[in-house]
Structure formats: C-alpha cells, structure tokens
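Next come the chains, spelled out residue by residue.
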Amino acid sequence: MKNMEEKMAKKNIKGITLIALVITIVILLILAGVAIATISRRKWNIK
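The sections below set out a description of the structure shown in this document.

## Focus: the overall build of the protein chain
Next up, step 1: When you go through the protein chain residue by residue, the secondary structure sums to one helix and zero strands.
Next up, step 2: Here the protein chain holds 47 residues, and 0% of them are scored as buried.
Next up, step 3: Approximately 5,000 Å² of the protein chain is accessible, and the part contributed by carbon and sulfur atoms is 73%.

## A look at a nonpolar patch on the surface
Next up, step 1: Judged by side-chain polarity, Leu18, Leu21, Val22, Ile25, Val26, Leu29, Ile30 and Val34 come together as a nonpolar surface patch covering roughly 750 Å² of accessible area.
Next up, step 2: Checked against the element boundaries, Val26 lands in helix α1 (residues 2-45).
Next up, step 3: Judged by its relative accessible area of 42%, Val26 is partly exposed.

Basis of the calculations
- Residues numbered from 1 in each chain as written.
- Predicted model: local features only at pLDDT ≥ 70, side-chain atom pairs only at ≥ 80, totals over all residues.
- Heavy atoms only, no water.
- Helix = DSSP H or I, 4+ residues; strand = E, 2+ residues; numbered from the N terminus.
- Buried < 20%, exposed > 50% of the residue type's maximum accessible area, 1.4 Å probe, protein only.
- Areas by Shrake-Rupley, 256 points an atom, 1.4 Å probe, with all protein chains shown as cover.
- Patch = residues over 30% accessible without salt bridge, like charges linked within 9 Å, V, L, I, M, F, W, Y side chains within 5 Å.
- Salt bridge = Lys/Arg side-chain N within 4 Å of Asp/Glu carboxyl O.

Okay, here's the thing in structure tokens:
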C-alpha cells in the first residue's frame, strides 16, 4: 500500500511540474509578444 501511495505522490508532483512549465512558457510568450510590439511601434513612430 505504501508503495502505491509513493507512486501517486510522484505522479502528482510530475503533473504539477508540467503545468507550471506550461504556464511559465505561456507567460514568457506573452511578455515577448508585448516587448516585440512595443519595440516595433517605437521603431515606426520615430520621425
């Protein structure tokens, strides 16, 4: 029984880690998009 509980705990930790990784990647993509948009706006607005 103890062995089964340990496997479930490890699986749960892996699931949480995977979700955290996906959320981190999405946030980084959003930040990169905002940065690129800001830089390109500044580039085209300079007169």
